[in-house]
Amino acid sequence: MTSIGTGYDLSVSTYSPDGRLFQVEYATKAVEAAGVAVGLRCKDGIILGVERLLHSKLLVKGANRRIASLDEHIGMAGAGLLADGKHVARRGREEAASFRENYNSPVTVQILSDRISAYLQAYTCYGSVRPFGLSTILGGVDKTGPKLFCIEPSGVYYGYRAVAVGKGKALAKTELEKIVNKEVEGQTSLTVREAVSEIARIIYLVHDDNKDKDFELEMTWVCEESGNKHAPVPADLLAEAEAKAKAALEEGMEED
Amino acid sequence: MWKQRSPGQSSFNDYNTFPLPQTQRVQPSYAHGPTFHTQQPLVTGTSVLGIKFDKGVMIAADNLASYGSLARFRDIQRLHPLGQHTLIGVAGDMSDYQWLQKELDALLREEDALALTDSHPSLSPKNIYQLLSNLFYARRSKMNPVWNAVLVGGWDKVKAESFLAYVDLLGTTYTAPTLATGFGAHLAQPLLREAYEAKAGIDGTGPLLTQEEAEKVLEDCMKVLFYRDARSINKFQIATITAEGSTISDSKSADTYWAFAEGLRGYGAQTQ
Amino acid sequence: MALYSNAPASYADHTSAPIEHRFNPYSDNGGSILAIAGKDFSVIAGDTRQSEGYNIQTRYARKVWQLTDKAVLATNGFAADGNNFVKRVKQRLEWYEHAHHKPMGLKSIARMIQTMLYAKRFFPYYVYNILGGIEEDGSGAVYSFDPVGSYEREACRAAGAAQSLIQPFLDNQIYFKNQTPETGSEPFIPGNLPLSTVLSLVVDSFTSATERHIEVGDGMEIYVVMNKGRTTDDLLDKKKLGPGMEVEELGALGEGGGERTFLVRAALKRD
């Protein structure tokens, strides 16, 4: 943290001499502290998964979900400050509804990403505000097909084949790359149904048992099976995937 | 630096990035002149009928939207589902109806989106009816009515019973096992009540009509309305709402009999 | 006249004025209500028919509402206004209870209703209200209102479509109008009739109104509010009730101060 004490990290409207915005960089630190969030684009839909870390045994099961719906066909997984995620989700819903109102058609994932990105970017321009401590994975199926985007606290966004943010994103990314490479090499391309167990496996793999206590696996998809609507992955399918993921993890441990 | 405004405070929306409700549009009042409220309906739909049966409720409406006495649009649907277990049938001004559709669909879409996160129960038919009642009464109280009469049909999942109720542009509300709007209140309601009470009795404690019987009496009523309501058309749909959800039939027509018209004297051109 | 007009009289013909169509925000939904106060009880009743013109909209719509353990309100006129007015009254009573940790008393409810009605003096609730219940001193009371808030406490009041049929009957039976006591006997005092007599008067009022007024009928709901400690035998004795009449006690809304409210239902003719 070379920036500390230099005075260039006090306001988001002040650059450091080498052209960085430290407050924005600190915001990404908040993202890195969050449980991992993963998005995967398959040929027949998209799937979102998060590792919801449980900071207390007293929490209600299934509460404080990190995946939100922005429209019928678009889901959002947030990594970072939970409350920032709620705020951005709300803004996203308003943008999606406003697009429908103005154009009488569902917003595409790209346009919605662009709108949210512009909103986040505005919070990197003024001294009176702080940037969002949040990376947003946006996934959905629109008229252009299945689409996946990730918007960072700076407001920058990219389209992805697969993406991971949060704690342990590096490991998750290498696992995702294996899946994506297979398809690039023309071997197999995953269906969302197959991807459910892959995402579960990756999240279980990335989860650090030593550092973090319990977690709940949260997974949603948009695909033909869900009527091209953003919906939770069916409970039985999710349970099956979790069981497989746990088994694979134990198998891996025995090999070590 | 301290003089800069935060996004929420700026007097104009520099980057189009501020929260939507705060977006300020430059609209000087003189640019618009006086505001006008709906004072009369223009393109209208006629009667809507509703009846409860043993497994749910049915709502019927024809496919015509009239422009005065002109049969202007002859293939419009006046039955509209709201979620899984609620459906409305709408008479009156069709532009107000389309506005209503848009508003309610947007509301339900937001409800669905929020339900994914907090898994709250979906709006019951009663919830939607209360919302409509409040909306219609609030608008009539602003002397800016939503010019419709609406039947709300539904299935209450919690009570496991059917729901049928009426609300109109005055905010008047009521519920009954058979309902009809407009001309239907004069021509069809007596027939519906007769059929309903024949089985259920006047206290409604007996058995209700079966689905087939209910559909039959609705088809009869739509025929009677077509014979005598000049703003109707012999092309209608029947919606059925049960515990399994709502379905809307394809458009159908009643078998009509006009041979007697040959014998009528006193109307139109005649040779003798 | 020619001195004062500079145009021929025919120009003033009112039939040539443009006909203005304007949205009418009101309707009349028929029906009738009535309330009678006793010494230690109050009876508030209404029929259940809701109509518009010659159409019966429904055979069961409520016009009488239990507000607190000792107050019942009957509304009559434009049903949409009635329902929404009751909704607002109930909301105000809830706020009062939250603020003061006690339910609002009857005379205060009456004054509040006047204020709420008068607040809409220039776009009135087209509703005639009759409030019945038990006063703080334990006496049965009836308050009647006009749509813009004029009100008074009375021994009895009828309102609605059949007001003109029922009120003269009540004037005679409750206020003893056009009756003279037998020479040497006590003078009449209104508001002291026994409950059984009052119930008969209510039932007779509605059955008669049903016979002669098309907007009255289908069913009748009679609320009886009794002061604490009062006997209920004269109401709950099955033999005293007419055929087809059913009584149900409505549980206390609040903590229960001892007052008891009963709902008597009876059928009226449907034609």
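Since we're looking at a predicted model, the values are computed, not measured. (Residues numbered from 1 in each chain as written. Chains lettered and ligands numbered in written order. Predicted model: local features only at pLDDT ≥ 70, side-chain atom pairs only at ≥ 80, totals over all residues. Heavy atoms only, no water.)

J.: Hey, could you run me through the overall build of chain C in this one?
T.: Helix and strand counts for chain C stand at five helices and 13 strands. Oriented by its inertia axes, the alpha-carbon framework of chain C measures out at about 75 × 50 × 40 Å. The buried share of chain C, taken over its 271 residues, is 49%. Excluding contacts between residues fewer than 6 apart, the proportion of contacts in chain C whose partners are at least 24 apart in sequence is 65%. By element, 52% of the accessible surface of chain C is carried by carbon and sulfur atoms, the whole surface being about 14200 Å². With 29 positive and 33 negative side-chain charges, chain C shows a separation of 3 Å between the mean positions of the two kinds. (Helix = DSSP H or I, 4+ residues; strand = E, 2+ residues; numbered from the N terminus. Buried < 20%, exposed > 50% of the residue type's maximum accessible area, 1.4 Å probe, protein only. Contact = heavy atoms within 4.5 Å. Areas by Shrake-Rupley, 256 points an atom, 1.4 Å probe, with all protein chains shown as cover. Lys, Arg positive; Asp, Glu negative; His and termini not counted. Charge placed at Lys NZ, Arg CZ, Asp CG, Glu CD.)

J.: It is not clear to me how the nonpolar core should be interpreted in this structure. Could you clarify?
T.: In a soluble, globular protein the nonpolar side chains are often hidden away together inside. Formed by 34 residues in total, the largest nonpolar core has its most connected members in I36(C), V202(C), I222(C) and V224(C). Looking at this core, the elements with two or more residues in it are strand 1 (32-37), strand 2 (41-47), strand 10 (156-160), helix 3 (163-173), helix 4 (195-212), strand 11 (219-226) and strand 13 (260-267) of chain C. In terms of residue count, helix 4 of chain C provides more of this core than any other element does, eight residues in total. Ignoring any residue separated from it by four or fewer positions in sequence, one finds I222(C) in contact with V43(C), I44(C), A45(C), L199(C), V202(C), V203(C), M245(C), F262(C), L263(C) and V264(C). Residues V38(A), I179(A), I199(A) and Y204(A) belong to the second largest nonpolar core, which totals 31 residues. (Core = buried A, V, L, I, M, F, W, Y, C linked by side-chain atoms within 4.5 Å.)

J.: Any chance you could explain the sheet that holds strand 11 of chain C here in plain terms?
T.: In a beta sheet, neighbouring strands are held together by backbone hydrogen bonds and run either parallel or antiparallel to one another. All names here are of chain C. Reading across the sheet, the six strands line up as 10-1-2-11-13-12 and stay open at both edges, with antiparallel pairing between neighbours. Each edge of the sheet is formed by a strand with only one pairing partner; in this case those strands are strand 10 and strand 12 (246-250). Between one strand axis and the next, the sheet turns through 15 degrees on average, direction left out of account. As paired elements, strand 2 and strand 11 share seven bridges and run antiparallel to each other. Within the sheet, the bridge partner assigned to A45 lies in strand 11 and is I222. Each of strand 1 and strand 10 is contacted by helix 3, which is oriented at about 170 degrees to strand 10, the strand it contacts most. Strand contacts of helix 4: strand 1, strand 2 and strand 11, with the helix running at about 15 degrees to strand 2, the strand carrying the most contacts. (Pairing = 2+ DSSP bridges. Axes fitted to C-alpha atoms, helices over the stretch in contact; angles between N-to-C directions.)

J.: Please clarify how the pairing of strand 5 (residues 64-68) of chain C should be interpreted in this entry.
T.: Along a regular strand, successive side chains alternate from one face of the sheet to the other. All names here are of chain C. The buried count for strand 5 comes to five of five residues, which makes it a mostly enclosed element. Pairing geometry for strand 5 and strand 6 (residues 71-77), over four bridges, is antiparallel. Opposite V64, over in strand 6, you have A74 as the bridge partner. Here strand 5 folds back onto strand 6 in antiparallel fashion, the turn holding two residues.

J.: Is there a simple way to think about the interface of chain C and chain B in this case?
T.: For an interface, size is often stated in terms of accessible area lost upon the parts coming together. Counting residues at the interface gives 24 residues for chain C and 23 residues for chain B. Between chain C and chain B the total buried area reaches about 2000 Å² when both faces are included, carbon and sulfur atoms providing 48% of it. Together, F23(C), Q57(C) and R270(C) form the three largest contributors to the area buried by chain C at its contact with chain B, with a combined 32%. Counting across the interface, chain C meets chain B through two salt bridges. One salt bridge in this structure joins E197(B) and R270(C), with 2.7 Å as the shortest N-O distance. Counting every contact that joins chain C to chain B gives nine residue pairs in polar contact (both at pLDDT 80 or more). Going through the elements one at a time, strand 3 (50-52), strand 4 (55-58) and helix 1 (79-100) of chain C are the ones with two or more residues in the side of chain C that touches chain B. With five residues, the single largest contributor to the side of chain C that touches chain B is helix 1 of chain C. Residues belonging to the side of chain C that touches chain B are distributed by class as follows: nine nonpolar, nine polar and six charged. (Buried area = accessible area lost by both parts, 1.4 Å probe. Salt bridge = Lys/Arg side-chain N within 4 Å of Asp/Glu carboxyl O. Polar contact = N/O pair within 3.5 Å; in protein donor to acceptor, adjacent residues only side chain to side chain. Nonpolar A, V, L, I, M, F, W, Y, C, P; charged D, E, K, R; others polar.)

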